[in-house]
Amino acid sequence: MKRYDLRHLKDGFEPRMKEILVNEHPAGEVAIFLFEIGDFTPIQRSADLVKECGLELANSLKFNEADWTIVVKK
């Protein structure tokens, strides 16, 4: 299990998240992504990205007032 903090990328976290999921994170492992939610649209976009990559979204929850966490199994 590895945590990836993408909050510094603000609303542009998806290209980096996809790069990690497709090229960097090992198969069979769990990845935890932390990103800013803003107007909540990034939550659906992140779920769509996980589905597009053919991976399993295990959990999605609000981390604090500004951040969201998703757990993905590759």
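1. Remarks on the overall build of the protein
Okay, step 1: Along the protein, the regular secondary structure elements total two helices and four strands.
Okay, step 2: Beginning at the N terminus, the succession of helices and strands in the protein can be written as β-α-β-α-β-β.
Okay, step 3: With the C-alpha coordinates of the protein rotated into their principal frame, the extents come out at 30 × 20 × 20 Å.
Okay, step 4: Across the 74 residues of the protein, 32% fall into the buried class.
Okay, step 5: For the protein, the share of sequence-separated contacts (at least 6 apart) that also reach a separation of at least 24 residues comes to 65%.

2. Re the nonpolar core
Okay, step 1: If you look at the biggest cluster of nonpolar residues, it comprises 16 residues, and the most contacted ones within it are Met17, Phe33 and Ile70.
Okay, step 2: The set of elements that each furnish at least two residues to this core consists of helix 1 (14–24), strand 2 (30–36), helix 2 (41–52) and strand 4 (67–73).

3. A word on the pairing of strand 1 (residues 2–5)
Residues in a regular strand project their side chains so that they alternate between the two faces of the sheet.
Okay, step 1: Bridging between strand 1 and strand 2 involves four bridges; their strand directions are parallel. By the bridge assignment, Arg3 is partnered in strand 2 with Ile32.
Okay, step 2: Traced from strand 1 through helix 1 to strand 2, the parallel crossover comes out right-handed.

4. Observations regarding helix 2
Okay, step 1: The terminal C-alpha atoms of helix 2 lie 17 Å apart, and with 12 residues this matches the ideal 16 Å at 1.5 Å per residue to within 8%.
Okay, step 2: Taken as a whole, helix 2 has its buried residues at Pro42, Ile43, Ser46, Leu49 and Val50. One face of helix 2 carries all of its buried residues, which in axial projection span an arc of 125 degrees. For helix 2, the exposed residues set more than 90 degrees away from the buried face come down to Lys51 and Glu52.
Okay, step 3: Contacts made by the buried residues of helix 2 are with helix 1, strand 2, strand 3 (56–62) and strand 4.
Okay, step 4: Gly54 sits one or two residues past helix 2 and shows a positive phi near 75 degrees.

5. Here's the deal with the sheet that holds strand 1
Okay, step 1: Taken together, the four strands give an open sheet; going across it, the order is 1-2-4-3, and neighbouring strands pair in mixed fashion. Looking at strand neighbours, the two that pair on one side only are strand 1 and strand 3, the edges of this open sheet. Averaged over all neighbouring strand pairs, the angle between strand axes comes to 20 degrees, with direction disregarded.
Okay, step 2: Direction of pairing for strand 3 relative to strand 4: antiparallel, over a ladder of six bridges. Its bridge partner lying in strand 4, Leu61 is registered against Thr69.

Rules used throughout
- Residues numbered from 1 in each chain as written.
- Predicted model: local features only at pLDDT ≥ 70, side-chain atom pairs only at ≥ 80, totals over all residues.
- Heavy atoms only, no water.
- Helix = DSSP H or I, 4+ residues; strand = E, 2+ residues; numbered from the N terminus.
- Buried < 20%, exposed > 50% of the residue type's maximum accessible area, 1.4 Å probe, protein only.
- Contact = heavy atoms within 4.5 Å.
- Core = buried A, V, L, I, M, F, W, Y, C linked by side-chain atoms within 4.5 Å.
- Pairing = 2+ DSSP bridges.
- Right-handed = clockwise from strand over helix to strand, strands pointing away.
- Expected span 1.5 Å × (residues − 1).
- Arc of directions from axis to C-beta.
- Axes fitted to C-alpha atoms, helices over the stretch in contact; angles between N-to-C directions.

Structural measurements only, silent on function.
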